[in-house]
Amino acid sequence: MEYRKFGDTDLVVSEICFGPMRFAARAQGEDEVSRRGKRALERAIERGVDFIHSSYEYGTRWAMGDVLEKHPRRHDLHHIIKVPIPDFKDGDRFDAEKFRLRVEEALRELHTDCIDVVQHLLRSDPNTDERRIPNISEVDGPLREIFETLKAEGKVKYLTTFPYTVGFARSSLETGAFSGMAAYYNLIEMKMAEFFPRMQERDQGFFCIRPLMAGLLTDRRSDRGSLPDGDRFQDSQWDERYQHLEELKSLFPEQTDSLTAFAVRFVLCHPVVTSLIVGMNSEEQVDGVIDAADGDYPDLSVFEKAWELWKNRKTIDP
Ligand SMILES: NC(=O)c1ccc[n+]([C@@H]2O[C@H](COP(=O)([O-])OP(=O)(O)OC[C@H]3O[C@@H](n4cnc5c(N)ncnc54)[C@H](OP(=O)(O)O)[C@@H]3O)[C@@H](O)[C@H]2O)c1
């Protein structure tokens, strides 16, 4: 396992971060999915993963807790959690007590003393830029205040923004409150790559969420005609992404021999990327991802080619 420093901070984490969104059932129990998922988390830690993402929204922290509570490496692990405040139904109001509650519940459920990275989301209803961007300056002061208080208590370390949109990212990165960004980024979703040069200049770091495009960018699903029965990618909402994948295959005929491995290596080729937050639901998936993250990544010309292709595709991810 290779490790990277997060921007200008002193946080160093594994290039692979465990994403638990689908790794266990939402209801606590002894079902097979959760058993397999718990073995996946154990395997990831055994192979050197020391960075773990989570959210109370996934309902899977109970299974994480089962693995982490008595784990001998529990104190060597770093955590990144989602904190959406204001949330959709909060009427655009920032509530510092709720922020504290989200952090403290995570500390308890993850059996840790500190959350290394808080991934802040500013939501509204409807969740549009028209509503959210003007709220950035309102939220900025109280957000920093509660964050600094929790930091002084030793409960948190660094703050990142999860912007949803390019417009929001532009404004939120300007506030100076964030050490970096956490956002979707993969061969098909490249909109946040626009910020990479200036984030590098400012020594900010980037956490890449869903590097496999939720499972589309994998060998199992690269050929849409042979998707397993009932697979979620049969839905028409994925049509344009599959079209883009065909173009990527033509652009990179050699690299796409193993699409899973290429997707992992591709996102790691950019130096602004600190770690990939990737969903791994079995020991085999953990091994597949970690074997691909072997330190031998494409050069930046591959990034540039994919970026050019993405910029010319106006229909995806505007
Ligand atoms: N707003 C947010 O902050 C936000 C939103 C979404 C996700 N997240 C975080 O990001 C994490 C990752 O998101 P994601 O799971 O949607 O996307 P992802 O990491 O791009 O894709 C993960 C999926 O790829 C498949 N996979 C994983 N390893 C594989 C391997 N070695 N070989 C073949 N297939 C493999 C699995 O799907 P199958 O098992 O179905 O094959 C897995 O569920 C989540 O767990 C969550 O922690 C955050």
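Residues numbered from 1 in each chain as written. Predicted model: local features only at pLDDT ≥ 70, side-chain atom pairs only at ≥ 80, totals over all residues. Heavy atoms only, no water.

Scanning the protein from N- to C-terminus turns up 11 helices and 10 strands. For a compact globule of 318 residues, the expected C-alpha radius of gyration is about 20 Å, and the protein comes in at 19 Å, within 12% of that figure. In terms of principal-axis extent, the alpha carbons of the protein reach across some 50 × 45 × 35 Å. Among the 318 residues that make up the protein, the fraction classed as buried is 56%. Accessible surface, the protein: about 13,600 Å² in total, of which carbon and sulfur atoms supply 46%. Across the protein, 44 positive and 58 negative side-chain charges occur, with their mean positions spaced 3 Å apart. (Helix = DSSP H or I, 4+ residues; strand = E, 2+ residues; numbered from the N terminus. Rg over C-alpha atoms; globule rule 2.2 N^0.38 Å. Buried < 20%, exposed > 50% of the residue type's maximum accessible area, 1.4 Å probe, protein only. Areas by Shrake-Rupley, 256 points an atom, 1.4 Å probe, with all protein chains shown as cover. Lys, Arg positive; Asp, Glu negative; His and termini not counted. Charge placed at Lys NZ, Arg CZ, Asp CG, Glu CD.)

What follows is about the environment of threonine 160. Along the chain, threonine 160 falls in strand E7 (residues 156-161). With relative accessibility at 0%, the residue threonine 160 sits in the buried group. Along the primary structure threonine 160 and valine 103 are separated by 57 residues, whereas in three dimensions their C-alpha atoms are 14 Å apart. The residues contacting threonine 160, other than those within four sequence positions of it, are Phe6, Val117, Val118, Gln119, His120, Phe178, Gly180, Met181, Ala182 and Phe207. (Contact = heavy atoms within 4.5 Å.)

What follows concerns the pattern of salt bridges. A pair can form between side chains of opposite charge whenever their charged atoms are brought close. This structure, assessed with the given rule, holds 36 salt bridges. Put simply, arginine 123 and glutamate 57 hold a salt bridge, and the shortest N to O gap is 2.7 Å. Residue arginine 123 is located in the loop between strand E6 (115-121) and helix H4 (129-132), and its partner glutamate 57 is located in the loop between strand E4 (51-54) and helix H2 (61-68); the two are separated by 66 residues in the primary sequence. Residue classification places arginine 123 among the buried positions, given a relative accessible area of 4%. By relative accessible area, glutamate 57 is classed as partly exposed at 24%. With a closest N to O distance of 3.1 Å, aspartate 140 and arginine 144 form a salt bridge. Taken together, the positions of aspartate 140 and arginine 144, both in helix H5 (residues 135-152) and four residues apart, correspond to about one turn of that helix. The class for arginine 144 is partly exposed, based on a relative accessible area of 33%. Three or more residues are tied together by salt bridges with common partners; here these are Glu30, Glu32, Arg35, Arg39 and Glu283. (Salt bridge = Lys/Arg side-chain N within 4 Å of Asp/Glu carboxyl O.)

Here the focus is the site of the ligand. Of all residues adjacent to the ligand, which total 29 residues, the nearest are His53, Gln119, Leu212, Arg220 and Gly279. For the ligand, an oxygen atom lies 2.9 Å from a polar atom in the side chain of arginine 22. When isolated, the ligand has an accessible area of 900 Å², and the protein chains bury 91% of it. Secondary structure elements with two or more residues in the shell around the ligand: strand E10 (273-279) and helix H10 (283-292). (Near = heavy atom within 4 Å. Polar contact = N/O pair within 3.5 Å; in protein donor to acceptor, adjacent residues only side chain to side chain.)

This brings us to H2. Residues lying three or four places apart along an α-helix face the same way, a consequence of the helix completing one turn every 3.6 residues. Within H2, seven of the eight residues are buried, leaving the element largely enclosed by the surrounding structure. Those residues of H2 that are buried lie in contact with helix H1 (32-46), E4, strand E5 (78-84) and helix H3 (96-110).

For the rest of this paragraph, the subject is the nonpolar core. With 93 residues, the main nonpolar core has Phe99, Tyr185, Phe206 and Phe266 as its most contacted residues. With eight residues, the top contributor of residues to this core is helix H9 (residues 259-268). Residues Leu11, Tyr158, Phe162 and Phe207 belong to the second largest nonpolar core, which totals 14 residues. (Core = buried A, V, L, I, M, F, W, Y, C linked by side-chain atoms within 4.5 Å.)

This part is about the pairing of E10. Burial analysis of E10 places six of its seven residues in the buried class, which makes it a mostly covered element. As paired elements, strand E3 (residues 16-19) and E10 share four bridges and run parallel to each other. Residue pairing in the sheet places phenylalanine 18 in a bridge with valine 278 of E10. Here four bridges tie strand E9 (residues 205-209) to E10, and the two strands are oriented parallel to one another. The residue of E10 that forms the bridge with phenylalanine 207 is serine 275. (Pairing = 2+ DSSP bridges.)

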